[in-house]
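Structural overview for review
Spelled out, the chains give:
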Amino acid sequence: VQLQASGGGLVQAGDSLRLSCAVSGRTSNNYAMGWFRQTPGKRREFVAAVKWSSGSTYYEDSLKGRFTISRDKAKNTVYLQMNSLKSEDTAVYYCAVGHNLILTSLYSSSNYLYWGQGTQVTVSS
């Protein structure tokens, strides 16, 4: 399984950005895709996840309302729409695939097996 993340960049506070992550290779029928982010010296933190088959979505509470995760089955791509960006959203964003994850497992990076290369998002204030 390979993941290719894209869409990062330098934006100003209040702007929007959409990240994409294309998945290739064989996956199970029951997998989820997640977005995580990481800043230097800090652990990777959960942003959002979507269960591929059902489309059910899950968010870090503090990001609800600003970030939206979605998937396009035909394109095997997951998106992260980020609105009203703040300087504290600056991070490297990673997409990941996890198999057979129960609800509580979705939020932990250790439960995801495959990772994209990360895309830098920088929000200037």
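Our structure's up above, just so we're on the same page.
Residues numbered from 1 in each chain as written. Predicted model: local features only at pLDDT ≥ 70, side-chain atom pairs only at ≥ 80, totals over all residues. Heavy atoms only, no water.

Thoughts on the layout of surface pockets
Within this model, the largest pocket holds a volume of roughly 180 Å³. Along its surface, the largest pocket is lined by R37, Q38, T39, K42, R43, E45, E88, T90 and A91. The residue makeup of the lining of the largest pocket, split by class, is 1 nonpolar, 3 polar and 5 charged. (1 Å grid on protein atoms, 1.4 Å probe; cavity = no way out; pocket = protein on both sides within 12 Å on 5 of 7 lines; lining within 4 Å. Points joined across faces, edges and corners; volume = space filled by probe spheres on them. Nonpolar A, V, L, I, M, F, W, Y, C, P; charged D, E, K, R; others polar.)

A look at the state of the cysteines
In total, this model carries 1 disulfide according to the counting rule given. Residue pairing for C21: its cysteine sulfur links by disulfide to C95, the two sulfurs lying 2.0 Å apart. Its S-S torsion of about 65 degrees marks the bond between C21 and C95 as right-handed, since a negative value means left-handed. Remark: C95 occurs in strand β9 (residues 91–99) and C21 occurs in strand β3 (residues 17–24); sequence separation between them is 74 residues. Across the pair, exposure class does not vary: C21 and C95 are buried alike. (Disulfide = S-S within 2.5 Å. Helix = DSSP H or I, 4+ residues; strand = E, 2+ residues; numbered from the N terminus. Buried < 20%, exposed > 50% of the residue type's maximum accessible area, 1.4 Å probe, protein only.)

The analysis is restricted to geometry; functional conclusions fall outside its scope.
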